[in-house]
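Here's the letter readout for the chains.
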Amino acid sequence: MKKGITKREDDFSRWYTDVILGAHLADYSPVKGCMVIRPRGYALWEKMQSSLDRMFKETGHENAYFPLLIPESFLEKEAEHVEGFAPECAVVTHGGGKELEEPLVIRPTSETIIWAMFKKWIMSYRDLPLLINQWCNVLRWEMRTRLFLRTTEFLWQEGHTAHAKAEEAEEEALLMLKVYQTFAEEYAAIPVIPGKKSDREKFAGALHTYTIEALMQDGKALQAGTSHNLGQNFAKAFDVTYQDQHGEQQWVYATSWGMSTRMIGALVMTHGDDQGLVVPPRLAPLSVVFIPIFKGKEGHGEILDYIDKIAATLDGDISCRVDAREGYTPGWKFNEWERAGVPIRVEVGPRDLQRGEVVAVRRDTGEKMNLPKEGLREKVSGLLENIQSSLYERALRFREENTVRVDDYRNFKDIIADKGGFLWAYWCGGAECEGFVKQETMATIRCIPLESEGEDGACVRCGKTSSERVYFAKAY
Ligand SMILES: [Zn+2]
């Protein structure tokens, strides 16, 4: 990098872009609105994928793959769904040099093509539940794009399940929300608030949508994953029924749920600092980088041998890399790996070699420590666990400090305009109040939390009685 990273307090948005470009996570593509995910960004996505994929399989789901192209008529079968997605669809009208008889939509999400297939696969109650997940790309035409947060094409997983009973679909939607929460908190070290979306914010075609909401360092919220109870809407649109135990035909119940590469943006904005990216150890493609410190022209081989032996004792569970590149100063390398967010840097110079030690530096706090080479593996793995939990604690503290109970609308407007954060306020449940607040302050209802205090209050906007507080925030 020729220039440094913009400071967060100077320009958070510039800082965000600088961190991503500086860490080599992604780059702008020749196609407007799209991005190129570079190897370091893709390795991070692969770590996310493997953790999520394991949890999906542990909860009984199987992976499958459906086509990228969907007949346009499929989308039109579910009224709310087409209304929600049509404006952002890309449509293929020509193929093989000819105009197509029916235009094909590039999937913005796959409910329609999957339910067209479920109609063929679901006959009887014995075929249920059907629990499918797909890892793929989707495309939604976006006017204003940001790396990872909003790009025309992005990678994600979409789960699609079919159930015999309404309660089972509801249980599934909540189970997957829990999986997302576990992933966000235990792997990405991002504290989230699980809740339900208001009708205005729910998925197009869903009965209701559950979400996990996180707070970024600039005081804006980010929706990190959603899970939808689709009721019978898609079953009815695609005529999917099953024969129950009594020989009667019944409509099937559905859910869908998704998490995307947007999570990388959430990770950057939750943990990053003015030096660059900070990756929680459980998702770090590289946990430890060794940097030799040469003094003069002699003894390079000895130091490198020493490092190789130590690295060999770590490698296996702890991914390591020795940066022995020539032509770069140690300071340049420190900077490079700091920007890339590697959790621990280990420096080894002639004096460390004599003492049988290394110098370890934590990426999250910058703390330096001398560690003996004996028992380094245990020390390093303890340190990684400590970094993981302190990142979570730090993010949680930030969220708590930036979550305010608000009962007065003028106060509400001041806080939103000033420092942002989550505003925990009573809402009457009316779409009118919700729309009014959004128009006036740009804050939306992020979620109606799953757990409420159960005390009545007055809607922050209209004063009508309300039974629970909801979270408002400006959002990405
Ligand atoms: Zn109201």
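What counts, and at which threshold
- Counting of residues starts from 1 at the beginning of each chain's written sequence and follows it residue by residue.
- With the structure being a predicted model, the display of local features is reserved for residues of pLDDT at least 70 and the display and counting of side-chain atom pairs for 80 or more, all residues being used for whole-chain, interface and lining totals.
- As a convention, hydrogens and water are excluded, and side-chain values are obtained from all of the structure's heavy atoms.
- The donor set comprises N, O and S atoms within 2.8 Å of the metal, extended to 3.2 Å for Na, K and Ca; water molecules are omitted, so apparent gaps in a site may simply reflect that omission.
- Relative accessible area decides the class of each residue, using a 1.4 Å probe on protein chains only: under 20% of the type maximum gives buried, over 50% gives exposed, and in between gives partly exposed.
- At least two DSSP bridges between two strands are required for those strands to pair.
- Put simply, DSSP H or I for four residues or longer makes a helix, DSSP E for two residues or longer makes a strand, and each gets a number counted from the N terminus.
- Every axis in this analysis is a line fitted to C-alpha atoms, fitted for helices over the stretch in contact. Angles between the N-to-C directions lie between 0 and 180 degrees.
- Side-chain atoms within 4.5 Å are what join buried Ala, Val, Leu, Ile, Met, Phe, Trp, Tyr and Cys residues into a set we call a nonpolar core.
- The criterion used for residue contact is that any of the two residues' heavy atoms lie within 4.5 Å.
- Of the two site types, the cavity is a set of points on a 1 Å grid over the protein atoms alone where a 1.4 Å probe fits but cannot get out, and the pocket is an open set with protein on both sides within 12 Å along at least five of seven lines, each lined by residues with an atom within 4 Å of a point.
- Grid points are joined across faces, edges and corners, and a volume is the space filled by probe spheres set on the points.
- Under this grouping Gly is polar, as are all residues other than the nonpolar Ala, Val, Leu, Ile, Met, Phe, Trp, Tyr, Cys and Pro and the charged Asp, Glu, Lys and Arg.
- Polar contacts here mean pairs of N or O atoms no more than 3.5 Å apart (in protein, one a potential hydrogen donor and the other a potential acceptor; neighbouring residues in sequence count only if both atoms are side-chain atoms).
- Salt bridges are defined by distance alone: a side-chain nitrogen of Lys or Arg within 4 Å of a carboxyl oxygen of Asp or Glu.
- It is the rotation of the near helix from the far one that decides the hand of a crossing: anticlockwise by less than a right angle makes it left-handed, clockwise makes it right-handed.
- Ring pairs shown here join Phe, Tyr and Trp side chains whose ring centres sit within 6.5 Å, with only the six-membered ring taken for Trp; geometry is labelled stacked below 30 degrees between planes, edge-to-face above 60, and tilted in between.
- Two limits define a charge over a ring: the Lys NZ or Arg CZ must be within 6 Å of the ring centre, and within 35 degrees of the ring normal.

1. As for the coordination of the zinc ion
Now for step 1: Only Cys 428 (SG), Cys 433 (SG), Cys 459 (SG) and Cys 462 (SG) from the protein reach the zinc ion as donors, at distances of 2.3 to 2.4 Å.
Now for step 2: Within one chain, the residues serving as donors to the zinc ion are arranged as C-x4-C-x25-C-x2-C.
Now for step 3: Using a relative accessible area of 36% as the deciding quantity, one classes Cys 462 as partly exposed.

2. Quick look at the sheet that holds strand β4 (residues 69-71)
Now for step 1: Here 3 strands make up an open sheet; going across it, the order is β4-β6-β5 and the pairing antiparallel. Both outer strands of the open sheet, β4 and β5 (91-95), are each paired with one neighbouring strand and no more. With direction set aside, neighbouring strand axes in the sheet form an average angle of 50°.
Now for step 2: As paired elements, β5 and strand β6 (residues 98-106) share 4 bridges and run antiparallel to each other. Bridge pairing in β6 places Gly 95 opposite Lys 98.

3. Brief notes about the nonpolar core
Now for step 1: Counting residues in each nonpolar core, the largest one holds 50 residues, and the members touching the most others are Leu 25, Phe 148, Phe 183, Met 263, Met 269 and Leu 283.
Now for step 2: Here this core takes 8 residues from helix α6 (residues 166-187), the largest share from any one element.
Now for step 3: Leaving out residues up to four positions away in the same chain, Phe 148 has contacts with Tyr 16, Ile 20, Leu 25, Ala 26, Met 35, Ile 37, Thr 261, Arg 262, Ile 264 and Gly 265.
Now for step 4: Core analysis: the next-biggest nonpolar cluster, separate from the first, contains 30 residues, Leu 130, Ala 164, Ala 206 and Val 252 among them.

4. Notes on empty space enclosed by the protein
Now for step 1: In this structure the tally under the stated criterion is 1 cavity of 30 Å³ or more.
Now for step 2: There is about 40 Å³ of room inside the largest cavity.
Now for step 3: Trp 424, Tyr 426, Ser 452, Glu 453, Gly 454, Glu 455, Ser 467, Glu 468 and Arg 469 together form the lining of the largest cavity.
Now for step 4: Tallied by class, the residues present in the lining of the largest cavity amount to 2 nonpolar, 3 polar and 4 charged.

5. Remarks on the side chain of Asn 402
Now for step 1: Topologically, Asn 402 is positioned in the loop between α12 (376-401) and β20 (403-405).
Now for step 2: A polar side-chain atom of Asn 402 sits 2.8 Å from the main-chain carbonyl oxygen of Phe 398.
Now for step 3: If we ignore the near neighbours within four places in the chain, the residues touching Asn 402 are Leu 215, Lys 419, Gly 421 and Phe 422.

6. Notes on the pattern of salt bridges
Now for step 1: Tallying each qualifying case throughout the model produces 19 salt bridges.
Now for step 2: Glu 142 serves as the salt-bridge partner of Arg 150, at 3.7 Å between the closest nitrogen and oxygen.
Now for step 3: A cluster of three or more residues bridged by salt bridges with shared partners is formed by Glu 338, Arg 345, Glu 347 and Lys 368.

7. Some thoughts on the packing of helix α2 (residues 39-58) against α6
Now for step 1: At a minimum axis distance of 11 Å, the contact between α2 and α6 shows a crossing angle of 145°. Crossing geometry of α2 relative to α6 is assigned as right-handed. Contact residues: α2 offers Met 48, Ser 51, Leu 52, Arg 54, Met 55 and Phe 56, while α6 offers Met 176, Val 179, Tyr 180, Thr 182, Phe 183 and Tyr 187.
Now for step 2: Residues that form the contact of α2 with α6 fall into these classes: 9 nonpolar, 2 polar and 1 charged.

8. Digging into the packing of aromatic side chains
Working definition: an aromatic ring pair is given by the centre-to-centre distance plus the angle between the planes.
Now for step 1: Overall, the coordinates contain 18 aromatic pairs when judged by the stated rule.
Now for step 2: Ring geometry for Phe 118 and Trp 121: centres 6.1 Å apart, planes at 45°, overall tilted. Highlighted residues: Phe 118 and Trp 121, both in helix α5 (residues 111-121), separated by 3 residues, approximately one helical turn.
Now for step 3: By relative accessible area, Trp 121 is classed as partly exposed at 40%.
Now for step 4: Sitting above the plane of the Tyr 476 ring, Lys 220 keeps its charged end 4.5 Å from the centroid.
Now for step 5: Directly above the ring of Trp 424 sits Arg 469, whose terminal nitrogen or CZ lies 5.5 Å from the centroid.

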